[in-house]
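Per-entry structural report
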Amino acid sequence: MNVLKPLSVYIHIPFCKSKCAYCDFASWPGREDAWEAYFAALRAEIRAAADGEHRVETVFFGGGTPSLVPEKYIGAALAVVAEAFPLAPGAEISLEANPGTLSMEKLRAYREMGINRLSIGVQSFDERLLREIGRIHTPEAAREAVRMACAAGFTNVSIDLMYGLPGQDMAAWQSTLATALSLPLEHISAYALIVEEGTPMAARASELPGEEEVLGMQRLATRALAATGFARYEISNYAHAGFACRHNIVYWRRGEYRGFGCAAHSFFGGERFANPAALDDYLAGSRGEERERVGGEAAREETLLLSTRMCEGLSLRAWREAFGEDFLSGREARLERLRRAGLIEIVDGFVRLTELGLEVQNAVVLELL
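Reading the values: the criteria
- Residues numbered from 1 in each chain as written.
- Predicted model: local features only at pLDDT ≥ 70, side-chain atom pairs only at ≥ 80, totals over all residues.
- Heavy atoms only, no water.
- UniProt positions renumbered as here; feature names shortened; annotations may be inferred.
- Core = buried A, V, L, I, M, F, W, Y, C linked by side-chain atoms within 4.5 Å.
- Buried < 20%, exposed > 50% of the residue type's maximum accessible area, 1.4 Å probe, protein only.
- Helix = DSSP H or I, 4+ residues; strand = E, 2+ residues; numbered from the N terminus.
- Contact = heavy atoms within 4.5 Å.
- Pairing = 2+ DSSP bridges.
- Phe/Tyr/Trp six-rings, centres within 6.5 Å; stacked < 30°, edge-to-face > 60°.
- Lys NZ or Arg CZ within 6 Å of the ring centre and 35° of its normal.
- 1 Å grid on protein atoms, 1.4 Å probe; cavity = no way out; pocket = protein on both sides within 12 Å on 5 of 7 lines; lining within 4 Å.
- Points joined across faces, edges and corners; volume = space filled by probe spheres on them.
- Nonpolar A, V, L, I, M, F, W, Y, C, P; charged D, E, K, R; others polar.
- Polar contact = N/O pair within 3.5 Å; in protein donor to acceptor, adjacent residues only side chain to side chain.
- Axes fitted to C-alpha atoms, helices over the stretch in contact; angles between N-to-C directions.
- Parallel < 35°, antiparallel > 145°, perpendicular 65-115°, else oblique.
- Left-handed = near helix turned anticlockwise from the far one by under 90°.
- Salt bridge = Lys/Arg side-chain N within 4 Å of Asp/Glu carboxyl O.
- Expected span 1.5 Å × (residues − 1).

The name given to the protein chain in an unreviewed UniProt entry is Heme chaperone HemW, and the organism recorded there is Candidatus Pullichristensenella stercorigallinarum. We quote the UniProt Subcellular location (unreviewed entry) comment for the protein chain here in full: "Cytoplasm". Checking UniProt for the protein chain, the heading Function (unreviewed entry) contains the comment "Probably acts as a heme chaperone, transferring heme to an unknown acceptor. Binds one molecule of heme per monomer, possibly covalently. Binds 1 [4Fe-4S] cluster. The cluster is coordinated with 3 cysteines and an exchangeable S-adenosyl-L-methionine."

Quick look at the structure:
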């Protein structure tokens, strides 16, 4: 009997209603003219990748704003995934949504086509901050989006929140967290703002909270979420038991995934490759021509960097199986220094970062490379 290998699928929807002030993702507002051609190209790309060796365990529609386009396009893309690769029973199928683009009709259609996890880009429940960062929704629209999702039958609803925003103080962040915790959610992602060069936000660096205040916001989120049953399982992600995002965990564990659509990345067959970020290049037929085989020292670095983002940490057994060596050997002195500093612990066959260690994860990784 042929045992099918697990695969995750990411589908990039590069369309949005307007560009947020912090966004440097591959997304384009005002390109409704390209929708039909884009989804035709997307379906063709998925069909061309079909094989008889993999079974899809997770699907993630990201963007851009997948919930902006008519739901028929999402349904058709998902149907082609199911034709190209068998879907595992209980596969996690996620869709990113903007509160300003949701309706009960859309939500019910998503449920009917098989989407079972919704990730809503709320970012803040502060009306001024939402305007400052260019979001198109209001706090009430965000709350209503969560309520509608539950009414439409979603039992796995997540929201994204951001902290370290211009003019945001601890009181405003605490208020946003309190509102989030009053809603029927199973998962919350809380990200510190990263200012990308060339975005409107980059011109407002002087208005951003300082590093210590941003760190205080992260610590506040961790405490408040833990107190209400949201376990931290990755640097920026918290979930009730059984609701961690399975798709993202595939990335952090270096599992295989295929990305479809412009700017979509893949890790497949030991290679990393990506489609062109420019929409028109993708529509012209350009696809992941540049490939990089990731092995040896590069694979070790990736494994260390990604696994230590997760609270479970780096599996000593998995390291030995992947690389034929003992991770601890040759690192004893460095590991002991980090342990004494309260940054790591070695428990039950895992090297994991403490809460303090997660705050300086990059420095810990550099020490262990």
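Let's pick the thread back up.
This part is about the nonpolar core. Across soluble globular proteins, nonpolar side chains have a tendency to be buried as a group. Counting 69 residues, the largest nonpolar core has Phe15, Leu42 and Ile159 as its most contacted members. Of all the elements, helix H2 (residues 71-84) adds the most residues to this core, at 7 residues. Those residues in contact with Ile159, other than ones at most four positions away along the chain, are Ile120, Val122, Phe125, Val146, Ala180, Leu185, His187, Ile188 and Ser189. Within the second largest apolar cluster, 21 residues are counted, among which are Leu314, Leu343, Val351 and Leu368.

Attention now moves to the sheet that holds strand S17 (residues 350-353). An order of S15-S17-S16 is seen for the 3 strands of this open sheet, with the pairing classed as antiparallel. Each having just a single partner strand, strand S15 (314-315) and strand S16 (344-347) make up the two edges of the open sheet.

Now for the packing of aromatic side chains. Geometrically, a pair of aromatic rings is defined through the distance of the ring centres and the angle of the planes. Tallied over the entire structure, the rule returns 12 aromatic pairs. Judged by centre distance (5.1 Å) and plane angle (45°), the rings of Tyr163 and Trp173 are tilted. Of this pair, Tyr163 sits in strand S7 (residues 157-163) while Trp173 is found in helix H6 (residues 170-181), placing the two residues 10 residues apart along the sequence. For the pair Tyr163 and Trp173, one class covers both residues: buried. Members of the aromatic cluster, each reached through a chain of ring pairs, are Phe15, Trp35, Tyr38, Phe39, Tyr73 and Tyr282. The ring of Phe154 has Arg111 lying over it, and the distance from NZ or CZ to the ring centre is 5.3 Å.

Now for the layout of surface pockets. Empty space within the second largest pocket amounts to approximately 300 Å³. Mapped by element, the contributors of at least two residues to the lining of the second largest pocket are helix H10 (296-307), S15 and helix H11 (316-323). In terms of residue class, the lining of the second largest pocket is made up of 9 nonpolar, 4 polar and 4 charged.

What follows covers the pairing of strand S12 (residues 265-268). Note that S12 and strand S13 (residues 271-274) share 4 bridges and pair antiparallel. Opposite Ser266, over in S13, you have Phe273 as the bridge partner. Linking S12 back to S13 in an antiparallel pair, the connection comprises 2 residues, with Gly269 at a positive phi of about 60°.

The next subject is the side chain of Glu45. Position of Glu45 relative to the elements: it lies in helix H1 (residues 35-48). At 2.7 Å, the side chain of Glu45 forms a polar contact with the side chain of Asn275. Apart from the residues lying within four places of it in its own chain, the contact partners of Glu45 are Gly259, Phe260, Gly261, Asn275, Tyr282 and Arg287.

It is worth spelling out the packing of H6 against helix H7 (residues 211-227) at this point. At a minimum axis separation of 10 Å, H6 and H7 run at an interaxial angle of 25°. Relative to H7, the element H6 is oriented roughly parallel. For the pair H6 and H7, the sense of crossing is right-handed. Judged by residue contacts, Met170, Trp173, Gln174, Leu177 and Leu181 of H6 engage Glu213, Gly216, Met217, Leu220, Ala221, Ala224 and Leu225 from H7. Looking at the contact of H6 with H7 residue by residue, the classes come out as 9 nonpolar, 2 polar and 1 charged.

We now examine the pattern of salt bridges. Applying the stated rule across the entire model yields 22 salt bridges. For Arg147, the salt bridge is made with Glu140, and the minimal N-O distance between the two is 2.6 Å. A salt bridge links Arg340 to Glu336; the nearest nitrogen and oxygen atoms lie 2.9 Å apart. You can see Arg340 and its partner Glu336 sitting in helix H12 (residues 332-340), 4 residues apart, about one turn around the helix.

Moving on: unusual backbone geometry. Following Gly63, the chain continues to Gly64 via a peptide bond in cis, the omega torsion being 20°. Along the chain, the position of Gly64 falls in the loop between strand S4 (54-63) and H2. At Gln123, a position not held by glycine, the phi torsion is positive, near 70°. By secondary structure assignment, the location of Gln123 is in strand S6 (residues 117-123). Backbone geometry at Ala263 places phi at a positive 65°, although glycine is not the residue there. Considering the arrangement of structural elements, one finds Ala263 in the loop between strand S11 (257-260) and S12.

Within the element layout of this structure, Lys17 appears in the loop between strand S2 (15-16) and strand S3 (28-29). When the C-alpha atoms of Lys17 and Gly64 are compared, they prove to be 8.8 Å apart, with 47 residues separating the residues in sequence. The contacts of Lys17, once residues within four sequence positions are left out, are Pro29, Leu68 and Ile136.

With 14 residues, H1 should cover 20 Å at 1.5 Å per step; its first-to-last C-alpha distance of 20 Å lies within 8% of that length. Among the residues of H1, those classed as buried are Trp35, Tyr38, Phe39, Ala41, Leu42, Arg43, Glu45 and Ile46. The secondary structure elements touched by the buried residues of H1 are strand S1 (5-13), S2, H2, S11 and helix H9 (279-283).

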